[in-house]
Amino acid sequence: MSKKKQKQLTIMVVIVAALAAILVVAIQLNNWNTARQEAAEDAAIPRVLTLDDVTGVTFVNGDSSLEFLLNDDDEWYWADDEDFLLDDTAVATVAGLAEDFQANASFEIVDDLSAYGLEDPDLSVIYTTEDGDTYTLLVGGTTGDYYYAMLEDGDTIYTIEDTLATNLGYDLYYMADLADYPTLSSDIIQDVTLTSGDSEITFTIGEVEVEVSDDEDEDADSSAESDSSAESDASSSSSEPETEIEYHWFLDGEDVTDQSQITSLNTEVDSISMYSLAAFKPTDEALEVYGLTEPTMTLTVRYTDEDDDGDAITVTSVLTVGGYNEDEDAYYCTLDTNPNEVYLISASGIETSLELAANGLTYDSEDADAEDTDADTSTDSE
């Protein structure tokens with residue numbers, strides 16, 4: 001390579017290196033400007049609170065006050081009674097706001113506090129830190145989509161989103177972690193007993209081997225085969241038919257699986273759920289008011305489950321249904337696994353169970369007609 005070309009190549013390398021350096025500097029400068037702009041924007045956002053060690057939260061709603069504390073497992077519980085099964089979603093949300101409580105806007109107080117609904121507000125939250133310091137945030141009236149808020153004895157009013165007000169509006173029972181009724185299906189249920197007063201009816205569930213029927217297409221294909229395969233078909237048809245296991249419901253030894261009430265009962269047992277907590281640790285007097293001292297119905301299900309070692313065990317679940325709440329169109333009930341709590345269960349969700357408990361099984365009309373015919377035939381033969 002000539003000296004002239006070497007010199008040109010060297011110049012090009014220097015130019016490329018210079019351009020690369022300029023590009024790196026430009027990128028770094030852009031990143032620095034972006035970070036500075038974001039920092040400036042973040043600094044411009046008004047902060048109500050910045051607490052990172054909240055260990056206590058008190059919801060105040062009118063005359064009601066609910067205090068919640070954080071345990072060693074970082075789970076919130078109701079300070080009045082740790083036995084209360086709390087779904088701490090709302091409490092954790094309110095506590096989390098205090099870590100970096102951003103406001104939409106802030107301004108100095110220029111009017112009477114009553115103009116912002118902050119003179120004597122219904123809603124407020126008290127934050128307690130690990131050091132024992134407390135911060136009370138008052139929540140006032142609304143302005144558009146936001147709420148007015150201010151720290152107690154503060155001199156600044158903030159406008160905040162509705163998250164805090166919404167969660168402070170929940171009562172204790174709304175925040176209850178409702179008990180789960182076991183997930184049941186016919187393949188694990190052993191028997192179902194319904195009791196109402198002196199009436200009792202028990203259905204047992206058992207395996208039944210049923211023959212699998214061929215569909216119409218297979219029949220059509222079979223009839224269209226040539227004579228040469230007829231012998232093979234005959235041999236095949238003489239073999240054992242295919243079977244499968246189904247789980248049928250029996251009453252006093254009679255298979256009642258196809259009865260419409262049984263179909264509905266099966267669905268109810270498999271989908272029972274309580275939608276609201278009505279009472280926690282009720283007194284005997286309260287249980288009487290809820291109709292649970294003389295239940296409307298008791299639903300007892302025995303089913304197969306597994307223990308910790310994977311071995312099959314029999315588990316019994318008892319749902320006790322009390323009085324009817326007309327306003328809710330629901331019944332009061334308790335579960336044997338949660339004796340401290342009274343729940344509400346939709347009336348439509350246990351309609352068939354109630355009918356069977358009170359009146360027994362009502363056979364479908366065709367079956368009833370068949371039974372009448374059998375009875376008449378028996379009478380005529382005599």
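Residues numbered from 1 in each chain as written. Predicted model: local features only at pLDDT ≥ 70, side-chain atom pairs only at ≥ 80, totals over all residues. Heavy atoms only, no water.

Glancing now at the overall build of the protein. The secondary structure content of the protein amounts to nine helices and 19 strands. Per-residue burial over the protein gives 33% buried out of 382 residues. Total accessible area on the protein is roughly 23500 Å²; 45% of this is exposed by carbon and sulfur atoms. (Helix = DSSP H or I, 4+ residues; strand = E, 2+ residues; numbered from the N terminus. Buried < 20%, exposed > 50% of the residue type's maximum accessible area, 1.4 Å probe, protein only. Areas by Shrake-Rupley, 256 points an atom, 1.4 Å probe, with all protein chains shown as cover.)

Below, the discussion takes up the pairing of strand β9 (residues 146-151). By the bridge criterion, five bridges tie strand β8 (residues 134-143) to β9 in an arrangement that is antiparallel. Across the sheet, residue T142 finds its bridge partner in β9, namely Y147. Adjacent in sequence and paired antiparallel, β8 and β9 are bridged by two residues, among which G144 carries a positive phi angle near 65°. Bridging between β9 and strand β10 (residues 156-160) involves three bridges; their strand directions are antiparallel. Each bridged residue has a counterpart across the sheet, and for Y147 the counterpart in β10 is I160. Hairpin connection of β9 to β10: four residues between the antiparallel strands, including D153 at a positive phi of 65°. (Pairing = 2+ DSSP bridges.)

For the structure shown, the criterion picks out four salt bridges. As a salt-bridge pair, K281 and D83 come within 3.2 Å of each other at their nearest N and O atoms. With K281 in the loop between β15 (276-280) and α7 (284-289) and D83 in the loop between β4 (76-78) and α2 (89-97), this residue pair connects regions lying 198 residues apart in the sequence. Each of the salt bridges in this network shares a partner with another, and the network as a whole consists of D81, D83 and K281. (Salt bridge = Lys/Arg side-chain N within 4 Å of Asp/Glu carboxyl O.)

Now for the nonpolar core. Counting residues in each nonpolar core, the largest one holds 69 residues, and the members touching the most others are F68, Y127, L164 and F203. In contact with F68, other than residues within four places in its own chain, are T55, G56, V57, F59, W76, Y77, W78, A79, L86, V91, L172 and M175. Counting residues in each nonpolar core, the second largest holds nine residues, with A286, L292, A330 and L344 among its members. (Core = buried A, V, L, I, M, F, W, Y, C linked by side-chain atoms within 4.5 Å. Contact = heavy atoms within 4.5 Å.)

This part is about the packing of aromatic side chains. A complete count under the given rule lists ten aromatic pairs for this structure. A centroid spacing of 5.7 Å and a plane angle of 75° characterise the contact between W78 and F84, whose relative ring orientation is edge-to-face. On the accessibility criterion, F84 (3% relative accessible area) is buried. Pairing F107 with Y148 gives two aromatic rings, centres 6.5 Å apart and planes at 90°, and the pair type is edge-to-face. Of the two residues, F107 is situated in strand β6 (residues 105-108) and Y148 in strand β9; the sequence distance between them amounts to 41 residues. (Phe/Tyr/Trp six-rings, centres within 6.5 Å; stacked < 30°, edge-to-face > 60°.)

With that settled, the discussion passes to α2. Taken together, the buried positions of α2 are A90, V91, V94 and A95. Take α2 and look down its axis: the buried residues cluster within an arc of 130°, on one side only. (Arc of directions from axis to C-beta.)

Here we have nine strands laid out as an open sheet, ordered β14-β13-β12-β11-β16-β17-β18-β19-β15, and antiparallel in their pairing. Single-partner strands in this sheet number two, and they are β14 (254-255) and β15. Against the sheet, helix α6 (residues 260-271) engages β11 (189-196), β12 (199-211), β13 (243-251) and β16 (297-306), with an angle of about 100° to β13. (Axes fitted to C-alpha atoms, helices over the stretch in contact; angles between N-to-C directions.)

Helix α8 (residues 351-359) packs onto α6 with a crossing angle of 125° between their chain directions and a minimal axis gap of 8 Å. Between α6 and α8, the interaxial angle falls into the category oblique. The interaxial crossing formed by α6 with α8 has left-handed handedness. Counting all contacts with α6, which are made through Q261, S264, L265 and E268, the residues of α8 involved are E351, T352, S353, E355 and L356. (Parallel < 35°, antiparallel > 145°, perpendicular 65-115°, else oblique. Left-handed = near helix turned anticlockwise from the far one by under 90°.)

Now for a negative patch on the surface. Where like charges cluster on the molecular surface, the negative patch consists of D63, D111, D112, E119, D120 and D122. Along the polypeptide, D112 turns up in the loop between β6 and β7 (123-129). (Patch = residues over 30% accessible without salt bridge, like charges linked within 9 Å, V, L, I, M, F, W, Y side chains within 5 Å. Lys, Arg positive; Asp, Glu negative; His and termini not counted. Charge placed at Lys NZ, Arg CZ, Asp CG, Glu CD.)

The next subject is the sheet that holds strand β3 (residues 64-70). Strand order in the open sheet formed by eight strands is β4-β3-β2-β7-β8-β9-β10-β6, with antiparallel pairing between adjacent strands. At either margin of the open sheet sits one strand with a lone partner, and together these are β4 and β6. For this sheet, the mean angle separating the axes of adjacent strands, direction not counted, is 25°. Packed on one face of the sheet, α2 meets β2 (54-61), β3, β4 and β7 and runs near 110° to β2.

Another point: the pairing of β3. Regular strands place their side chains on alternate faces of the sheet. Bridge count between β2 and β3: six bridges; the pairing is antiparallel. Directly across from V57, in β3, lies its bridge partner F68. Two successive antiparallel strands, β2 and β3, enclose a turn made up of two residues, where G62 displays a positive phi of approximately 65°. The pairing of β3 with β4 spans three bridges and is classified as antiparallel. Looking at the pairing, L70 lines up with W76 of β4.

A separate point is α6. At 3.6 residues per turn, the α-helix brings residues three or four places apart onto the same side. With twelve residues, α6 should reach 16 Å at 1.5 Å per residue; the first-to-last C-alpha distance of 17 Å fits that figure. Those residues of α6 that fall on the buried side of the exposure criterion are Q261, I262, L265, E268 and V269. Here the buried residues of α6 occupy an arc of 120° about the axis, which is enough to place them on one side. (Expected span 1.5 Å × (residues − 1).)

This part is about unusual backbone geometry. Of note, D74 is a non-glycine position whose phi angle comes to about 60°, a positive value. When you line up the elements, D74 lands in the loop between β3 and β4. Located in the positive-phi region is K281, a residue other than glycine, with phi close to 50°. Given a relative accessible area of 36%, K281 falls into the partly exposed group.

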